[in-house]
Amino acid sequence: MLKKTAIVSLFTLISASYMAQNTKTIPVYLDESKPVEQRIQDALSKMTLEEKIAMLHAQSKFSSPGVPRLGIPEFWTTDGPHGVRSEVKWDEWDQAGWTNDSIIAYPALTALSATWNKNMSWNYGKALGEEARYRKKDILLGPGVNIYRTPLNGRNFEYMGEDPFLTSKMVVPYIKGVQSNGVATSVKHYALNNQEMFRHTSNVIIDDRTLYEIYLPPFKAAVTEGDSWTIMGAYDMYKGQYASQNQYLLNDILKKEWNYKGVVVSDWGAVNNTEQAIHNGLDLEFGSWTNGLSDGHSNAYDNYYLAQPYLKLIKEGKVGTKELDDKVTRLLRLAYKTTMNRNKPFGNIASEEHKAVAREIGEEGIVLLKNQSNVLPIDINKAKKIAVIGENAIKIMTVGGGSSSLKVKYETLPLDGIKARFGKQADVQYARGYVGDIGGEYNGVKSGQNLKEDRSPEALLEEAVALAKSSDYVIFVGGLNKADFQDSEGNDRKSYGLPYNQDQVISALAKANKNLAVVLVSGNAVAMPWVKEVPTIVQAWYLGSEAGNSLAAVLAGDANPSGKLPFTFPVKLEDNAAHQMGEYPGNKEELAAGKGKDQKNPINIKYNEGIFVGYRWHDTKKIKPLFSFGHGLSYTTFEFGKAKADKKTMSQDDKITFTVTVKNTGKKAGAEVAQLYITDLKSSVQRPAKELKGFEKVFLNPGEEKEVTFTIDKTALSFFDADKHDWVAEPGDFEALIGNSSDAIKTKVKFTLK
Ligand code: BGC
């Protein structure tokens, strides 16, 4: 050991003195014997200006260079949040055509969030990180935590819903799970990328209180509690600066206020100004001259904003090297955690454990929205014939939707899952019912399905109704899909209603058979004009490789549903705050004047609704939702006892604990999510009717009762005071509300803050 250190330092000395004269012939070794921060400084001191610049930007679509001369490896990134993306060519978006890059697709993040189970989040991250590691990836481009502001946002399926507290709590274990593999997460898209329309050409106008209370908390939790080693800047502008080169978001908030020591990665093609990229907190530039998804210039890397243009400014003496060294230091720190981490595991792919993780998260994330006259679970003794109707029962959903599109080892379709579960005892028959999207290709990955259908809509409907009439149960599987203008990156949905005439099909099925369950596969809320006609509704999200099996387990009652909505389903679009109060897709006059078409004419989007997002809006304004945030039924029943507090009065540096019992009063084992909301009974500023500040998922056998405790401090009572630029908890009376949905409060307890 001693000997090695001595040799190393000898080389260090030699290299330090000769490097300036002749870097080509002197071998240079990194001194591996010191603590990491010293090793970083050691490496930095041995790098040439050109090597430092090279590290700051891509060398291919998904990789950036290391320092070959020093043996510092390249960084390999990959999308994304739901599974490891397939390999594309070095410099093109086309598929590389490898045969060893198919993986397990995990449920979309909306589904993960709907489990309201932090352990599921850790399992998800751990398994996904293992696959990323096995595929030799160093940076996973996810998870996404942009807040659900409008149901039209095409990318909501990749995010975790409308509530900053739920999202924050769910994202942290995911990050830790992934990073336990020596693979960095890149929490995205920081910040204010809450819609796809105009994502490259808009400027968000938002007040500080809303920014800090609603849109920043998940990012803050991701970096301060989750310690995400990288973070991805967004495409949109804030205060007139693009988010990936933004003084306010990156320098002032992320790096100063939150003391972030990690790496800021640009979104693909989100950089467009060298000076801003240098000075405003960006560390690693990707995808310049691409739209992030498909188009891209070839071999543009030397022209990247943080490439030759940066070097030129330094050589001309127009900028110093302080920022450069800071960026490289961060990248080297990242290298020691990922590429140069000697203790990282090897990872594995598509293990039985991974499949089980995907299936279990799917089962726990599925939300039973309505179940009148207990249509579900399907009674196998009565189910001689089961009709499965709807395109989403047979459509592959892992292909499509933008950068989160995957090349999977397999995807169990709902129809196949249902057949596998019920096919032995019952006759399972299928009818299409309607035709939606027959496409099945994204970026060269093909689903291999032929969904072409020549029959008329009338003929399809007629066939479906006839099948429904002759069956004991009808399972309609519809919703949205991953085609453009549905749940898909790059565009928003055009309307809130279900597409492809599904409303008419559902109403006709409801008339044909009273044992109807409507299963919605989507990442977004949809209008349900037929809600009263249909006894049973299931929200089934995009569940990845195990989709059909997870769904069948819930339909059969093998898994008792325990998912809860991570966002509100409004009755109609106008009931949503962003559509009633705020601007969407942008300022009306500017929209009419054609703004937003290109980066020279960006459009403003003002978040006039402020902090009143989702249930904060519905509950405060008493606008009844179709289904509320936190809602989800079970095949058993639960009872909440009376909530108690351990004190009546708390001081500013005190804590208070609430306890409540939850009892399974039904006949099936199941899980309930106890949700704690806080109300400020009197405040000098306007506050939402209530805000989520705690949740716990409790698993209970029939008759079993458990006590749930929630301990909070003044952070749960605070609002962000923009003038003071600080959080304030105003003395006075508060109320703790505990229930199993934002609109189903079962017990309350008052307390006072001194
Ligand atoms: C998306 C990112 C993604 C990146 C790389 C961008 O278009 O916004 O979420 O990680 O492309 O594929």
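Computed from a predicted structure; not experimentally measured.

## So, the overall build of the protein chain
Now for step 1: When helices and strands are tallied, the protein chain shows 20 helices and 29 strands.
Now for step 2: A compact globule built from 754 residues would reach a C-alpha radius of gyration of about 27 Å, and the protein chain, at 27 Å, matches this within 12%.
Now for step 3: Each of the three principal axes of the protein chain carries a C-alpha extent, and together these read 85 × 65 × 65 Å.
Now for step 4: Distance between charge centroids for the protein chain: 3 Å, based on 93 positive and 91 negative side chains.

## Remarks on the site of the ligand
Now for step 1: Around the ligand sit 15 residues in total, of which Asp-79, Arg-155, Lys-188, His-189 and Asp-267 are the nearest.
Now for step 2: Arg-85 places a side-chain nitrogen or oxygen 3.2 Å from an oxygen atom of the ligand.
Now for step 3: Gly-292 has a polar backbone atom sitting 3.2 Å from an oxygen atom of the ligand.
Now for step 4: Considered on its own, the ligand offers 310 Å² of accessible surface; in the complex 100% of this is hidden by protein.
Now for step 5: Residues of the shell around the ligand, tallied by class, amount to five nonpolar, three polar and seven charged.

## As for the pairing of strand 2 (residues 75-78)
Now for step 1: Bridge analysis of strand 1 (residues 63-64) against strand 2 gives two bridges, and the strand direction is antiparallel. Of the residues in strand 2, the one forming a bridge with Ser-64 is Phe-75.
Now for step 2: Pairing of strand 2 with strand 3 (residues 139-140), which is carried by two bridges, proceeds in the parallel orientation. If you follow Thr-77 over to strand 3, its bridge partner there is Ile-139.

## Considering the packing of aromatic side chains
The description of an aromatic ring pair rests on the distance of the ring centres and on the angle between the ring planes.
Now for step 1: Applying the stated rule across the entire model yields 29 aromatic pairs.
Now for step 2: Considering the side-chain rings of Trp-541 and Phe-567, the 5.7 Å spacing of their centres and the 75 degrees angle between planes classify their relative orientation as edge-to-face. On the criterion of sequence distance, the pair formed by Trp-541 in the loop between strand 17 (536-539) and helix 17 (547-556) and Phe-567 in the loop between helix 17 and helix 18 (577-580) is long-range, its members being 26 residues apart. You'll find Trp-541 and Phe-567 in the same group, each marked buried.
Now for step 3: Measuring from centroid to centroid gives 5.8 Å for Phe-734 and Phe-751, while their planes differ by 20 degrees, and the two rings are stacked.

## Things to note about the environment of Lys-419
Now for step 1: When you line up the elements, Lys-419 lands in helix 14 (residues 414-422).
Now for step 2: On the basis of relative accessible area, Lys-419 is assigned to the partly exposed category, the value being 39%.
Now for step 3: It is 26 Å that separates the C-alpha atoms of Lys-419 and Glu-441, two residues lying 22 residues apart in sequence.

## Digging into the side chain of Asp-42
Now for step 1: Tracing the sequence through the fold places Asp-42 in helix 2 (residues 36-46).
Now for step 2: Among the residues examined, Asp-42 registers a relative accessible area of 11% and is labelled buried.
Now for step 3: A polar contact is formed between the side chain of Asp-42 and the side chain of Lys-46, at a distance of 2.5 Å.

## Some thoughts on the sheet that holds strand 12 (residues 427-431)
Now for step 1: Taken together, six strands build an open sheet; the order of strands is 10-17-16-15-11-12 and the sheet is mixed. In this open sheet, the two edge strands, each paired with only one partner strand, are strand 10 (367-371) and strand 12. Each strand axis lies, on average, 20 degrees off the axis of its neighbour in the sheet, ignoring direction.
Now for step 2: Examined bridge by bridge, strand 15 (residues 473-479) and strand 16 (residues 516-521) share six bridges and lie parallel to one another. Counted as the bridge partner of Phe-476 is Val-518 from strand 16.
Now for step 3: On the sheet, helix 14 packs against strand 11 (385-389), strand 12 and strand 15 and is oriented at approximately 165 degrees with respect to strand 12.

## Remarks on helix 5 (residues 118-134)
Now for step 1: If you check helix 5, its first and last C-alpha atoms are 24 Å apart, about what 17 residues at 1.5 Å a residue would give, namely 24 Å.
Now for step 2: Among all positions in helix 5, only Met-120, Ser-121, Tyr-124, Gly-125, Ala-127, Leu-128, Gly-129, Glu-130, Glu-131, Ala-132 and Arg-133 are buried.
Now for step 3: Those residues of helix 5 hidden inside the fold are in contact with helix 4 (109-115), strand 3, helix 6 (164-179) and helix 13 (352-365).
Now for step 4: Its side-chain oxygen 2.9 Å from the backbone nitrogen of Asn-119, Asn-117 forms the N-cap of helix 5.
Now for step 5: Note on helix 5: the residue one or two positions beyond its end, Lys-136, has a positive phi of about 60 degrees.

## Let's talk about the pattern of salt bridges
Now for step 1: Following the criterion strictly, the structure yields 42 salt bridges and no others.
Now for step 2: One salt bridge connects Glu-130 with Lys-126, and the closest N-O pair in it is separated by 2.9 Å. Remark: Lys-126 and Glu-130 occur in helix 5; sequence separation between them is four residues, near one turn of the helix.
Now for step 3: Among the charged side chains, a network of salt bridges with common partners joins Arg-155, Glu-158, Glu-196, Arg-199 and Glu-489.

## Here's the deal with the environment of Val-518
Now for step 1: Its location among the elements puts Val-518 in strand 16.
Now for step 2: Residue classification places Val-518 among the buried residues on the basis of a relative accessible area of 0%.
Now for step 3: Separated by 187 residues in sequence, Val-518 and Leu-331 have C-alpha atoms that sit 49 Å apart.

## Observations regarding the sheet that holds strand 21 (residues 649-650)
Now for step 1: If you trace the five strands from one edge of the open sheet to the other, you get 21-29-28-23-24, paired in mixed fashion. What marks the edges here is a single partner per strand, and that holds for strand 21 and strand 24 (691-700).
Now for step 2: With two bridges joining them, strand 21 and strand 29 (residues 744-753) adopt parallel strand pairing. Opposite Met-650, over in strand 29, you have Leu-753 as the bridge partner.

## Looking at helix 6
Now for step 1: Over its 16 residues, helix 6 runs 22 Å from end to end, which matches the ideal 22 Å to within 8%, given 1.5 Å per residue.
Now for step 2: Across the 16 residues that make up helix 6, a large majority, 13, are buried.
Now for step 3: The residue sitting at the N-terminus of helix 6 and contributing the capping side-chain oxygen is Asp-163; that oxygen lies 3.0 Å from the backbone nitrogen of Phe-165.

## Observations regarding the confidence of the model for the protein chain
Now for step 1: Residue-level pLDDT values for the protein chain average 96, and 96% of them are 70 or greater.
Now for step 2: A low-confidence stretch, residues 1-23 (pLDDT under 50), is modelled with 19 contacts involving residues beyond four sequence positions or located in other chains.

The rules behind these values
Residues numbered from 1 in each chain as written. Predicted model: local features only at pLDDT ≥ 70, side-chain atom pairs only at ≥ 80, totals over all residues. Heavy atoms only, no water. Helix = DSSP H or I, 4+ residues; strand = E, 2+ residues; numbered from the N terminus. Rg over C-alpha atoms; globule rule 2.2 N^0.38 Å. Lys, Arg positive; Asp, Glu negative; His and termini not counted. Charge placed at Lys NZ, Arg CZ, Asp CG, Glu CD. Near = heavy atom within 4 Å. Polar contact = N/O pair within 3.5 Å; in protein donor to acceptor, adjacent residues only side chain to side chain. Areas by Shrake-Rupley, 256 points an atom, 1.4 Å probe, with all protein chains shown as cover. Nonpolar A, V, L, I, M, F, W, Y, C, P; charged D, E, K, R; others polar. Pairing = 2+ DSSP bridges. Phe/Tyr/Trp six-rings, centres within 6.5 Å; stacked < 30°, edge-to-face > 60°. Buried < 20%, exposed > 50% of the residue type's maximum accessible area, 1.4 Å probe, protein only. Axes fitted to C-alpha atoms, helices over the stretch in contact; angles between N-to-C directions. Contact = heavy atoms within 4.5 Å. Expected span 1.5 Å × (residues − 1). Salt bridge = Lys/Arg side-chain N within 4 Å of Asp/Glu carboxyl O. pLDDT = per-residue confidence, 0-100.

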